Amino acid sequence: MDVNIALLAGDGIGPEIIAEATKVLDRVAEKFRHRITYTPALVGAAAIDATGDPYPDETHRICLAADAVLFGAIGDPKYDNDPTAKVRPEQGLLRMRKSLGLFANLRPVALFDALADRSPLRAEVVRGTDFICVRELTGGIYFGRPQGRDDDGRRAFDTCTYTVGEIERVLRVAFRLAVSRRRKLTVVDKANVLETSRLWRETAQRVAREYPDVTVDYMFVDNAAMQIIRQPAYFDVIVTENMFGDILTDEASVISGSLGMLSSASVGAEVALFEPIHGSYPQAAGKNIANPMATILSAAMLLEHLGLDAEGKAVRRAVDKALADGIVTEDLVAAGGRAYSTSEVGDYVAVQI
């Protein structure tokens, strides 16, 4: 099979972790006799530095022409520390999602057996955790208008808006996932306060009638944040709006023992993008210490999205073997263990395939 992948390494540790994911993908291609073509493109601070635009038109064309997009991370301290910057790396990420129509972000949260003692929660609490959070990605307060400040700069405002159509399409993604899993869906909102959340709940109650085999419950976002910590194994599929999903999935990520272990997929009508959920970690950039596992697992999701299930499973087994054998970066090292470099972990995973 011929596969064309757009490679958007981005900023910070992005190039390093993308390099390890492509190393693993190359090994998959060799073993399963595929041909993978990579087309690199600029995004984020790297794109601003080169072109003045965090998401150049050329990058957009490359993404549209690809079978899938593999994305690293964006963000740079020189923009983070300058609240007056007119052009920011994150603008590129938001525009990319909007332009490519990536309306649903899927973030699986599962406990790796080898990392049970690395979770900040007790083993009896996290045991059995295996859920997916479906986050709406192109609406809500991140995209609502008007947005800005008054002329004197003393008042700021953001607008949260949703349409029924935007809500329905992401709900259907979540319901279909629930049907393929344990047939349980939790809709997270703040319907006791927010009008947009009331529209979410009304729409979810109506769409739920199309999926009678799925058990649906509704949870306010503050309660959901607590229950993810109290009883994470309760959840099967969670669906929620953009900002709530952003916050809850980062909270849930530590259950696995490290933010560096969680992969994600952002899907739309045509294009799909795969990325680790962590940020650009600029403090580690160039030091060969960042955890590449989330990016490698994102590559596994990419393969599965293309119908290459055996290949995706081979990558997951290789990651499990590396974890069991203690071939991990410094964020996952047990007491008395050795920290391996980013490239050493990638090498080991690739050899196991």
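All values reported here derive from a predicted model rather than from experimental measurement.

A. Focus on the sheet that holds strand E5 (residues 130-136). In space, the 10 strands of this open sheet follow the order E2-E1-E3-E12-E11-E4-E5-E10-E8-E9, with mixed pairing throughout. Edge positions in the sheet fall to strand E2 (35-40) and strand E9 (215-220), since each of these pairs with one other strand and no more. The sheet shows a mean angle of 25° between the axes of neighbouring strands, direction not considered. Note: strand E8 (residues 184-189) against strand E10 (residues 237-240), 4 bridges, orientation parallel. Its bridge partner being in E10, Val188 is matched across the sheet by Thr240. Of the strands in this sheet, E5, E8, E9 and E10 are in contact with helix H8 (residues 195-208), which crosses E9 at around 175°. Those strands touched by helix H10 (residues 242-253) are strand E4 (104-110), E5, E8 and E10, and its axis lies near 150° from that of E5.

B. Highlighting the environment of Arg176. Its place among the elements puts Arg176 in helix H7 (residues 164-180). With 61 residues separating them along the chain, Arg176 and Val237 place their C-alpha atoms 10.0 Å apart.

C. Main features of the pattern of salt bridges. Taken as a whole and assessed by the stated rule, the structure comprises 23 salt bridges. Salt-bridge contacts for Asp130 lead to Arg181; the nearest nitrogen and oxygen are separated by 3.5 Å. Linking Asp130 in strand E5 with Arg181 in the loop between H7 and E8, this pair joins segments that are 51 residues apart in sequence. Between Arg338 and Glu344 there is a salt bridge, with its nearest N and O atoms 2.9 Å apart.

D. Focus on the packing of aromatic side chains. In this structure the tally under the stated criterion is 4 aromatic pairs. A centroid spacing of 5.4 Å and a plane angle of 90° characterise the contact between Tyr162 and Trp200, whose relative ring orientation is edge-to-face. Within this pair, whereas Tyr162 is found in the loop between strand E7 (156-157) and H7, its partner Trp200 is found in helix H8, the two being separated by 38 residues in sequence. When sorted by exposure, Tyr162 lands in the same class as Trp200, which is buried. In textbook terms, an aromatic cluster arises when at least three aromatic residues are bridged by ring pairs, as seen for Phe131, Tyr234 and Phe235.

The rules behind these values
Residues numbered from 1 in each chain as written. Predicted model: local features only at pLDDT ≥ 70, side-chain atom pairs only at ≥ 80, totals over all residues. Heavy atoms only, no water. Pairing = 2+ DSSP bridges. Helix = DSSP H or I, 4+ residues; strand = E, 2+ residues; numbered from the N terminus. Axes fitted to C-alpha atoms, helices over the stretch in contact; angles between N-to-C directions. Contact = heavy atoms within 4.5 Å. Salt bridge = Lys/Arg side-chain N within 4 Å of Asp/Glu carboxyl O. Phe/Tyr/Trp six-rings, centres within 6.5 Å; stacked < 30°, edge-to-face > 60°. Buried < 20%, exposed > 50% of the residue type's maximum accessible area, 1.4 Å probe, protein only.

Nothing here speaks to function; it is all geometry.
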